[in-house]
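Here is how the chains run, residue by residue.
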Amino acid sequence: MEKKPHFIRREFLPREVPSISLALLLAAVLLLNALLYLYLNKFYISLGRVEMDHGLCPFGYFKFGAVKNCSPWLSCEAINTEVRKLKCVGEGAVKKVFLSEWKEKKVVLSQLANSELKEDFLHGLKMLKALQSKHVVRLLGYCEQQFTILTEYHPLGSLRGLNETLHIPKYKGMNTWHRRLMLAIDYVSVIRYLHSSPLGTLVMCDSNDLDKVLSQYLLTSDFHVLVNDLDALPLVNRSAGRLVKCGHRELRGEFVAPEQRWPYGEDVPFEDDLMPPYDEKTDIWKIPDVSNFFLGHVEGSDIVRLHLFDIHAACKKKDPAERPSAQEVLDTYRKVLSLLIQEAAMPGTREML
């Protein structure tokens, strides 16, 4: 008898399972991307909010802390009667700085330290008044006749102490490549603001070495960067052919830009009148060195440096005209942060697909 052939029914379910898994994986990735987009969108809106947003107070007014209403800048009389000095916390060439108290709140009182530098002090006050924004320390009042300025107090102090602060147990959770890169973004945001300020293109001249740069900025309690010292901010006006020089002495070292150094060699004595002026691109030259300090040596910081290599190389172009603008540097920093956040949120996704 002839045997009938047996037809074996094939089950296709096992092939369908991977298809379903892949679909679920893709759906999860799309959802994660959507959430990440919303986060980054919110993040960039925060970064790009209106510059003059210091508590939404009009010019000549301030508010800080939990206070909802705006108060006018304190006058000479108010400063003399309502502000109490507690202790001296610093002294520079231009100002002497006192930790003080006003209405049970800690504030900072700055007074002229050298009568020969009155113009520098008054220039700093003028800049502080005109540049009030999210990037600048908050002005609470001033007395021009007595060469006195009152500003908001930030207990973490200047950026000089950043690494020490990040080793305090309370702040160790902040010591990550992500937070450090955001501080670098804050710093570049300040430079971009100064280069496109309401007054025009301003150059940060108190920046001849890293320590000096760090001393000009404050670290807020919520880990943002504010510029604090505005005594040396000359104005570049290209349409009028006006460039700047940072001081009247010879500048040396690799930290300052090449155009800030004496160009005529060691055999020719330095003369300020012969020193060529320059523009805001000196600030761009210094960005990689300052950012390198911000990034530190935490896990992931070398990956950040690798992503920033090209823009930093451009910042170090010998010809100032070939260097990027502060806005271009800022845009690149933000793109790198976005990219690295996505990679951190979805490790190995490409390999899974």
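Residues numbered from 1 in each chain as written. Predicted model: local features only at pLDDT ≥ 70, side-chain atom pairs only at ≥ 80, totals over all residues. Heavy atoms only, no water.

Caption draft 1: Region of the structure containing the packing of helix α5 (residues 177-195) against helix α7 (residues 281-295). For the pair α5 and α7, interaxial distance at closest approach is 9 Å and the crossing angle is 160°. Between α5 and α7, the crossing angle belongs to the class labelled roughly antiparallel. Seen from above, α5 lies across α7 with right-handed handedness. Contacts from R180, L181, L183, A184, Y187, V188, I191 and H195 of α5 reach α7 at D283, I284, I287, V290, S291, F293, F294 and L295. Residue composition of the contact of α5 with α7, by class: twelve nonpolar, two polar and two charged. (Axes fitted to C-alpha atoms, helices over the stretch in contact; angles between N-to-C directions. Helix = DSSP H or I, 4+ residues; strand = E, 2+ residues; numbered from the N terminus. Parallel < 35°, antiparallel > 145°, perpendicular 65-115°, else oblique. Left-handed = near helix turned anticlockwise from the far one by under 90°. Contact = heavy atoms within 4.5 Å. Nonpolar A, V, L, I, M, F, W, Y, C, P; charged D, E, K, R; others polar.)

Caption draft 2: Seen up close, the state of the cysteines. Throughout the structure, instances matching the rule amount to three disulfides. Here C57 connects covalently by a disulfide to C70, the sulfurs 2.0 Å from one another. The sign of the -95° torsion about the S-S bond sets the C57-C70 disulfide as left-handed. Placement of the pair is C57 in the loop between α1 (13-47) and β1 (61-62) and C70 in the loop between β1 and β2 (71-72), with a sequence separation of 13 residues. Overall, C70 belongs to the partly exposed group, its relative accessible area being 30%. (Disulfide = S-S within 2.5 Å. Buried < 20%, exposed > 50% of the residue type's maximum accessible area, 1.4 Å probe, protein only.)

Caption draft 3: Fine view of the packing of aromatic side chains. According to the stated counting rule, one finds ten aromatic pairs in the structure shown. Look at Y171 and F223: their rings are 5.4 Å apart centre to centre, the planes differ by 45°, and that puts the pair in the tilted class. Here the residue Y171 occupies a position in the loop between α4 (162-166) and α5, and F223 occupies one in the loop between β9 (217-219) and β10 (225-227), the gap between them amounting to 52 residues. The residues Y171 and F223 share a single accessibility class, namely buried. Centroid distance W262 to F270: 5.1 Å. Interplanar angle 65°. Geometry classified as edge-to-face. Assessed through its relative accessible area of 25%, F270 is described here as partly exposed. Counting every residue linked through ring pairs, the aromatic cluster contains Y187, Y217, F293 and F294. (Phe/Tyr/Trp six-rings, centres within 6.5 Å; stacked < 30°, edge-to-face > 60°.)

No statement about biological role is implied by the geometric values presented.
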